[in-house]
Amino acid sequence: MSNQMFCFQCEQTAGCTGCTGAAGVCGKSAKTAKLQDQLTGALIGLAKTCEGNTPTEDTTKLMIEGLFTTITNVSFHDETLQALIDKVHGEKNRIAPNCANCAAPCGNTDDYDVENIWNADEDIRSLKSLILFGIRGMAAYAYHAMVLGYRDSDVEFFLYKALATLSFDYGMEDLLPIVLELGKVNLKCMELFRGELSDFSNLYSG
């Protein structure tokens, strides 16, 4: 139903199980929740497009910005979400222009339906949600660090890898190593953020 939502991304979630209905506890509407899911699905399609094509710096910036925008309570501006969805589609078509006109489309780079995650087996849903919410949080740190010129190729590569992983029909034995890798890469991302904080400290102590 168009007036229904499902979100369990934050600690405010209703009944500690998930917000459903027309709006979440935080005030996010069902429309906004669906747009955030659509943006996530478009980013997954973009990540899979980049598996056989080299992303540019602008591609990576867009991917990080898009993930950051889907974090809880960061953006409830529907027009911004739709603009980012359109931008992701445009970047995907730029990277792989032949996909749009393919006579026998494989569907590999199509937008992913995130509801497949919400409706998955409980264990798979839990692991994929952990990966998704983890890279959203990582992207928030990576975005702020990137603004000040701090980047890490391992962090950026993992964001692409993790996004693509969400669309694969993986079992627990395949997803658990990704979850463990998420923790390791997140520490590297936090190191970038420490560099950013150090810059601020030097700025105000000088």
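Our structure is the block above this text.
The text that follows walks through the structure, step by step, so that each part is easy to find. (Residues numbered from 1 in each chain as written. Predicted model: local features only at pLDDT ≥ 70, side-chain atom pairs only at ≥ 80, totals over all residues. Heavy atoms only, no water.)

Counting its secondary structure elements, the chain contains 8 helices and 2 strands. Listing every helix and strand of the chain by position from the N terminus yields β-β-α-α-α-α-α-α-α-α. (Helix = DSSP H or I, 4+ residues; strand = E, 2+ residues; numbered from the N terminus.)

Considering the arrangement of structural elements, one finds Thr-60 in helix α2 (residues 57–69). When sequence neighbours within four positions are dropped, the list of residues in contact with Thr-60 reads Pro-55, Arg-151, Glu-156 and Tyr-160. (Contact = heavy atoms within 4.5 Å.)

Let us now look at the layout of surface pockets. Here the largest pocket is characterised by a volume of approximately 290 Å³. As for the largest pocket, its lining consists of 14 residues, and the residues nearest its centre are Phe-6, Lys-34, Asp-37, Glu-115 and Trp-118. Of all the elements in the fold, those that place two or more residues in the lining of the largest pocket are β1 (5–7), α1 (30–49) and α5 (115–118). In terms of residue count, α1 provides more of the lining of the largest pocket than any other element does, 4 residues in total. Looking at the lining of the largest pocket, its residues break down into 7 nonpolar, 3 polar and 4 charged. (1 Å grid on protein atoms, 1.4 Å probe; cavity = no way out; pocket = protein on both sides within 12 Å on 5 of 7 lines; lining within 4 Å. Points joined across faces, edges and corners; volume = space filled by probe spheres on them. Nonpolar A, V, L, I, M, F, W, Y, C, P; charged D, E, K, R; others polar.)

Moving on to the environment of Ala-83. With respect to the element layout, Ala-83 can be found in helix α3 (residues 78–95). A sequence separation of 44 residues divides Ala-83 from Leu-39, and the C-alpha atoms of the two residues are 9.6 Å apart.

In this section: the packing of α1 against helix α7 (residues 153–165). In a packed pair of helices, the relevant descriptors are the angle between the two axes and the axis-to-axis distance. At a minimum axis distance of 8 Å, the contact between α1 and α7 shows a crossing angle of 115 degrees. For the element pair α1 / α7, the angle class is roughly perpendicular. Between α1 and α7 lies a crossing whose hand is left-handed. Along the contact surface, α1 presents Leu-43, Ile-44, Ala-47 and Lys-48, while α7 presents Tyr-160, Leu-163 and Ala-164. (Axes fitted to C-alpha atoms, helices over the stretch in contact; angles between N-to-C directions. Parallel < 35°, antiparallel > 145°, perpendicular 65-115°, else oblique. Left-handed = near helix turned anticlockwise from the far one by under 90°.)

Okay, the side chain of Ser-167 next. Summarising the element assignment, Ser-167 is placed in the loop between α7 and α8 (172–205). At 2.8 Å, the side chain of Ser-167 forms a polar contact with the backbone oxygen of Ala-164. If near-sequence neighbours (up to four positions away) are discounted, Ser-167 is found in contact with Ile-44, Lys-48, Tyr-112 and Lys-128. (Polar contact = N/O pair within 3.5 Å; in protein donor to acceptor, adjacent residues only side chain to side chain.)

Now for empty space enclosed by the protein. Sizing a probe to match a water molecule and rolling it over the atoms shows the empty space that remains. This model, assessed by the stated rule, comprises 3 cavities of 30 Å³ or more. Approximately 90 Å³ is the volume found for the largest cavity. Along its surface, the largest cavity is lined by 11 residues, and Phe-6, Cys-7, Lys-28, Asp-37 and Trp-118 are the ones closest to its centre. At the level of elements, β1, α1 and α6 (122–147) are the ones that each hand at least two residues to the lining of the largest cavity. Broken down by element, the lining of the largest cavity gets its largest block of residues, 3 residues, from α1. A class-by-class count of the residues in the lining of the largest cavity yields 6 nonpolar, 2 polar and 3 charged.

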